[in-house]
Amino acid sequence: MPVGRSPRIQVTGRARAGKTTLRHALSLLTAEETPPVDRPGQPDPAFDADLVLYVLPGLADHADRRLLATVHPDRTLVVLNKADAIGARWPDAAATADDLTAEFGLPVFPVVASLATHTRSGTLTDADLRTLHRHRDRPDPAFTLAHDLFTAPDLAPDPESRQALLDRWDLFGVSCALAALRRHPTLPPQLLLQILHCASGIDPLHRELHRRYEAVAAVFGD
């Protein structure tokens, strides 16, 4: 390996897998984002970086399986992005990640990169908190199952506030925040933000990526 340079990181995956969102969630501003791996008639990208993050937007398809069979296991981490859309609860996404780990022989991390990006760059505003507390004790939790249900005009006289909350935190973030506030209504904003950050699943991925980055950087420094 060449001495005197920083390790290169590539972020790859299918179109609309969330590659750019993941880069921002991990603050990988200098990471290289490859073209989508599923572009018709285009050659596969060369996975020649020191570390590769392969982003899956849910279950793996034929293109993913073909390419994941070619990557170097010591240099590749797989990110099961949009994990909130897999099954009904987080354990469903975790089980799917475990199945993919066994299938590919690569570590797979369930993540909601969009929520992690919001928690890294945003804060819970007073307006956010007022809207959350206004609907904290609503008896039917089904209104958090879909955007249309949560923003329905006949739900309450604040559809604009609910839409603004969704725009900032997405449905998964709103659902997690409401669940936390139902259990602990007096949670301060910063602690609630930390809970949302943990719920995104980004920390285990960040720790493993940092560990591998440091290991590669140490080799470059020899």
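Our subject in this report is the structure included herewith.

Before going further, it helps to examine the pattern of salt bridges. For the structure on display, the rule yields 13 salt bridges. With its nearest N and O atoms 3.4 Å apart, the salt bridge here joins Asp61 to Arg14. With Asp61 in the loop between strand S3 (51-56) and helix H2 (62-68) and Arg14 in the loop between strand S1 (9-13) and helix H1 (19-25), this pair connects stretches of sequence that are 47 residues apart. For Asp61, a relative accessible area of 28% puts it in the partly exposed group. On the accessibility criterion, Arg14 (13% relative accessible area) is buried. In this structure, Asp128 and Arg168 form a salt bridge, with 2.8 Å as the shortest nitrogen-oxygen distance. Placement of Asp128 in helix H5 (residues 126-134) and of Arg168 in helix H7 (residues 159-183) is noted, with a sequence separation of 40 residues between them.

Attention now moves to the pairing of S3. As a general feature of sheets, a regular strand has side chains that alternate between the two faces. The buried fraction of S3 is high, at 6 of 6 residues. Both faces of S3 are covered, namely the face carrying Leu51, Leu53 and Val55 and the face carrying Val52, Tyr54 and Leu56. Pairing analysis gives 5 bridges linking S1 to S3, with the strands arranged parallel. Looking across to S3, one finds that Thr12 is bridged to Tyr54. Pairing geometry for S3 and strand S4 (residues 76-80), over 5 bridges, is parallel. Looking at S4, one finds that Val55 is bridged to Val79.

This part covers the packing of helix H4 (residues 113-121) against H7. One can describe the packing of H4 onto H7 by two numbers: an axis separation of 9 Å at closest approach and a directional angle of 130°. One finds that H4 runs oblique with respect to H7. When you trace H4 past H7, the crossing you get is left-handed. Contacts from Ser114, Leu115, His118 and Thr119 of H4 reach H7 at Asp167, Arg168, Trp169, Asp170, Phe172 and Gly173. Considered class by class, the residues forming the contact of H4 with H7 number 3 nonpolar, 4 polar and 3 charged.

Another aspect to go through is helix H8 (residues 189-199). Among the residues of H8, Leu192, Leu193, Leu196, His197 and Ala199 are the ones counted as buried. For H8, the angular spread of the buried residues around the axis is 160°, confining them to a single face. Along H8, exposed side chains directed more than 90 degrees from the buried face belong to Gln190 and Cys198. Where H8 terminates, the next one or two residues include Gly201, which has phi positive at roughly 80°.

With respect to topology, 5 strands assemble into an open sheet ordered S2-S1-S3-S4-S5, the strand pairing being parallel. Here the strands that pair on one side only, and so sit at the sheet edges, are strand S2 (32-33) and strand S5 (108-110). Against the sheet, helix H3 (residues 90-104) touches S3, S4 and S5, its axis set at about 170° to S5.

Moving on, we come to the layout of surface pockets. When its volume is computed, the largest pocket comes out at roughly 620 Å³. Of all the secondary structure elements, the ones that give two or more residues to the lining of the largest pocket are H7 and H8. Among the elements that make up the lining of the largest pocket, the one with the highest residue count is H7 (9 residues). For the lining of the largest pocket, the class distribution of residues is 14 nonpolar, 4 polar and 5 charged.

On to the packing of aromatic side chains, then. Each pair of aromatic rings is reported with the distance of its centres and the angle of its planes. One pass over the full model with this rule turns up 3 aromatic pairs. Consider the rings of Phe47 and Tyr54, whose centres lie 6.4 Å apart with planes at 80°: the pair is edge-to-face. No difference in accessibility class separates Phe47 from Tyr54, as the two residues are buried. Ring geometry for Phe143 and Phe150: centres 5.4 Å apart, planes at 20°, overall stacked. Overall, the relative accessible area of 5% leaves Phe143 in the buried class. Over the ring of Phe143 we find Arg138; its NZ or CZ atom is 5.6 Å from the centre of that ring.

Criteria and thresholds
Starting afresh in each chain, residues are numbered from 1 along the sequence in its written order. Predicted model: local features are reported for residues with pLDDT of at least 70 only, side-chain atom pairs are reported and counted for 80 or more only, and whole-chain, interface and lining totals are derived from all residues. By convention in this description, side-chain values take in all heavy atoms of the structure and omit both hydrogens and water. Salt bridges are counted wherever a side-chain nitrogen of Lys or Arg sits within 4 Å of a carboxyl oxygen of Asp or Glu. Going along the chain from the N terminus, every DSSP run of H or I of four or more residues is numbered as a helix, and every run of E of two or more is numbered as a strand. Exposure categories follow from relative accessible area, calculated using a 1.4 Å probe and restricted to protein chains: below 20% of the type maximum is buried, above 50% is exposed, and the middle band is partly exposed. Strands are treated as partners if at least two bridges between them are detected by DSSP. Lines fitted to C-alpha atoms define the axes here, with helix axes fitted over just the stretch in contact, and angles between the N-to-C directions of these axes take values from 0 to 180 degrees. Throughout, the term roughly parallel applies to angles under 35 degrees, roughly antiparallel to angles over 145, roughly perpendicular to angles from 65 to 115, and oblique to all others. Helix crossings get a hand from a simple test, with the near helix turned counterclockwise from the far one by less than a right angle marking a left-handed crossing and a clockwise turn marking a right-handed one. We call two residues contacting when some pair of their heavy atoms lies within 4.5 Å. Charged residues are taken to be Asp, Glu, Lys and Arg, nonpolar residues to be Ala, Val, Leu, Ile, Met, Phe, Trp, Tyr, Cys and Pro, and polar residues to be all remaining types, Gly included. This arc is taken over the directions from the axis of the helix to the C-beta atoms. Method remark: on a 1 Å grid restricted to protein atoms, a set of points is classed as a cavity if a 1.4 Å probe fits but cannot get out and as a pocket if it is open with protein on both sides within 12 Å along at least five of seven lines; lining residues have an atom within 4 Å of a point. Grid points are joined across faces, edges and corners, and a volume is the space filled by probe spheres set on the points. Pairing of aromatic side chains here covers Phe, Tyr and the six-membered ring of Trp, requires ring centres within 6.5 Å, and sorts the geometry by plane angle: under 30 degrees stacked, over 60 edge-to-face, intermediate tilted. Comment: the charge-over-ring label is applied if NZ (Lys) or CZ (Arg) is within 6 Å of the ring centre and within 35 degrees of the ring normal.

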